[in-house]
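So the chains spell out like this:
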Amino acid sequence: AKAVLPFQKNIDAADEELDEVRGVGGEDLPEAVLGGLEQSLDPKFGWKKDANKLVVLIGDAPPHPRDREKAIELVRAAHDNPGGRGNKPSTGAKAPETPFLTSCIGVVVNLEGTLKDQPGYKEFVDSQTTMREDFAAIAKAGGGVYVEVEFTFK
């Protein structure tokens, strides 16, 4: 399945594409959050300058520690200076562009009973704590909100 789906108006087609997406791989708990944000906030993705731009990051693991600050700065820039060119020179009047709002949904997984005795339990719990902190910081920087959904496994 594709990792990046183009914008489309056909909800059924988008739903079919999303049904094929599967998360696999990875040898550690952190995820490539920065890469996903870079793709979704990229002007080449097809955002219209005057569109309402809402990015929702959903996950159960934090970004890699080396990427945390970059992710926060990326969403802050997309919110505070959409379409900004950084230090690149520009000429002429710049058309106004609506800001990106980036919100986060943290997927919190509670393990109970004998699941707490499994190898890696403490690292998993620590990762969930870090995810909460990082997603809240990303959402705040992006002008959005952080909310959680919670699942318990026994």
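Everything below is about the structure printed above this text.
First, a word on scope: everything that follows refers to the structure included in this document. (Residues numbered from 1 in each chain as written. Predicted model: local features only at pLDDT ≥ 70, side-chain atom pairs only at ≥ 80, totals over all residues. Heavy atoms only, no water.)

All chains considered together, the criterion is met by seven salt bridges. Its salt-bridge partner being D67, residue R66 comes within 4.0 Å of it at the nearest N-O pair. With relative accessibility at 62%, the residue R66 sits in the exposed group. One salt bridge in this structure joins E148 and R132, with 2.7 Å as the shortest N-O distance. With a gap of 16 residues between them, E148 in strand β3 (residues 143-153) and R132 in helix α4 (residues 121-141) connect regions that are remote in the sequence. A single network of salt bridges, built from pairs that share partners, joins R68, E69 and D134. (Salt bridge = Lys/Arg side-chain N within 4 Å of Asp/Glu carboxyl O. Buried < 20%, exposed > 50% of the residue type's maximum accessible area, 1.4 Å probe, protein only. Helix = DSSP H or I, 4+ residues; strand = E, 2+ residues; numbered from the N terminus.)

Moving on: helix α3 (residues 68-80). Taking 1.5 Å per residue as the helical rise, α3 with its 13 residues ought to reach 18 Å, and the 18 Å between its terminal C-alpha atoms agrees with that figure. Listing the buried residues of α3 in full gives A71, I72, V75 and A78. When α3 is viewed along its axis, its buried side chains cluster within an angular range of 135° and face the same direction. In α3, those exposed residues whose orientation departs by more than 90 degrees from the buried face are K70 and D80. For α3, the secondary structure elements touched by its buried residues are α2 (33-41), β2 (100-111) and α4. (Expected span 1.5 Å × (residues − 1). Arc of directions from axis to C-beta. Contact = heavy atoms within 4.5 Å.)

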